[in-house]
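# Structural description and commentary
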Amino acid sequence: MTTFRILVVGAGQTGTPLLRQLLEAPFVQVLGVADLDLSLPGITLARSLGVPVTDDYPQMLERYGATADIVIDVTGQPSVREALRKHMVDSGNHRTVILHERIALLMMSLSAGALVEGRHGDVAYA
């Protein structure tokens, strides 16, 4: 593997700084970014760098899910996590990993050298 191919679902307070780090990493290819609010800073950032954006994450999964290594969910919405998991099962995708927001915050905290707080608090991974 020469790059990590990533989809990001959520482009708000947590998603934007994470997206910034991903876009700066030479070993990461961001395939797409989804959020219901296309006016968020993460969407603007992705667009400015030519990364496909959408307000329809299921459509993004249909288009790029089979080639993505990781789907990062930073929405804080249990219903989104469940829909992501269901899509992977229904599509037979056993290769792509869904990365929970808490893991994303851990990675960002390690990179920053200090705890990075998320907007959504303790979101359970049920």
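Described in the following lines is the structure provided in the data block. Residues take numbers from 1 onward in each chain, read along the sequence in its written order. For this predicted model, a pLDDT threshold of at least 70 governs which residues receive local features, and a threshold of 80 or more governs which side-chain atom pairs are given and counted, while totals over whole chains, interfaces and linings are taken from all residues. Side-chain metrics in this entry use all non-hydrogen atoms of the structure; hydrogen atoms and water are not considered.

## Quick word on the layout of surface pockets
Of the voids in this model, the largest pocket is the one considered here, and its volume is about 300 Å³. A pocket here means an open set of points on a 1 Å grid, computed over the protein atoms alone, that has protein on both sides within 12 Å along at least five of seven lines. A cavity is instead a set of points where a 1.4 Å probe fits but cannot get out; residues with an atom within 4 Å of a point line either one. Grid points are joined across faces, edges and corners, and a volume is the space filled by probe spheres set on the points. Reported here for the second largest pocket is a volume of approximately 220 Å³. If you go around the second largest pocket, you meet 13 residues; those closest to its centre are Ile6, Leu22, Phe27, Val28 and Met107. To qualify as a helix, a DSSP run of H or I must reach at least 4 residues; to qualify as a strand, a run of E must reach at least 2; elements of each kind are numbered from the N terminus. Sorting the residues of the lining of the second largest pocket by element identifies strand 1 (4-9), helix 1 (15-24), strand 4 (70-73) and helix 5 (101-112) as the ones contributing at least two each. Per-element tally for the lining of the second largest pocket: the top contributor is helix 1, with 3 residues. Gly falls in the polar group here, along with every residue not listed as nonpolar (Ala, Val, Leu, Ile, Met, Phe, Trp, Tyr, Cys, Pro) or charged (Asp, Glu, Lys, Arg). The class makeup of the residues in the lining of the second largest pocket is 12 nonpolar, 1 polar and no charged.

## Details of helix 2 (residues 41-48)
Three exposure classes are used, based on accessible area relative to the maximum for each residue type with a 1.4 Å probe and protein chains only: buried under 20%, partly exposed in between, and exposed over 50%. Along helix 2, the residues that are buried comprise Gly42, Ile43 and Ala46. On an axial view of helix 2, the arc spanned by its buried residues comes to 100°, and they lie on one face. The contact criterion used throughout is that any non-hydrogen atoms of two residues lie within 4.5 Å. Of the surrounding secondary structure, the elements contacted by the buried residues of helix 2 are helix 1, strand 2 (28-34) and strand 3 (53-54). Positive backbone phi, at 80°, marks Gly50, one or two positions downstream of helix 2. Throughout, the arc means the angular range of directions from the helix axis out to the C-beta atoms.

## Things to note about the pattern of salt bridges
One speaks of a salt bridge when a side-chain nitrogen belonging to Lys or Arg is within 4 Å of a carboxyl oxygen belonging to Asp or Glu. For the structure shown, the criterion picks out 4 salt bridges. Across the pair Asp69 and Arg5 runs a salt bridge, and its minimum N-O distance is 3.0 Å. In this pair, Asp69 sits in the loop between helix 3 (57-64) and strand 4 while Arg5 sits in strand 1, placing the two residues 64 residues apart along the sequence. Relative accessible area serves as the criterion here: at 28%, Arg5 is assigned to the partly exposed category. Of the charged contacts in the structure, one is a salt bridge between Arg95 and Asp69, with a shortest N-O distance of 2.9 Å. With a gap of 26 residues between them, Arg95 in the loop between helix 4 (78-91) and strand 5 (97-99) and Asp69 in the loop between helix 3 and strand 4 connect regions that are remote in the sequence. Take Arg95: its relative accessible area is 42%, and that puts it in the partly exposed class.

## Quick notes on the packing of aromatic side chains
Stacked, tilted and edge-to-face pairs are distinguished by plane angle, under 30 degrees for stacked and over 60 for edge-to-face with tilted covering the rest, among Phe, Tyr and Trp rings (Trp via its six-membered ring) whose centres lie within 6.5 Å. Applying the stated rule across the entire model yields 1 aromatic pair. Pairing Phe4 with Phe27 gives two aromatic rings, centres 6.5 Å apart and planes at 75°, and the pair type is edge-to-face. Taken as a pair, Phe4 in strand 1 and Phe27 in the loop between helix 1 and strand 2 lie far apart in primary sequence, 23 residues in all. The class for Phe4 is partly exposed, based on a relative accessible area of 37%. Look at Phe27 and you get partly exposed, because its relative accessible area is 46%.

## As for the nonpolar core
Ile6, Val8, Leu18, Leu22, Val30, Val33 and Ile72 are the most contacted members of the largest nonpolar core, which totals 19 residues. Those elements that place two or more of their residues in this core are strand 1, helix 1, strand 2, helix 2, strand 4 and helix 5. Aside from chain neighbours lying at most four places away, what touches Leu22 is Ile6, Val8, Val28, Val30 and Ile72. Think of a nonpolar core as a cluster: buried Ala, Val, Leu, Ile, Met, Phe, Trp, Tyr and Cys residues, connected wherever their side-chain atoms sit within 4.5 Å.

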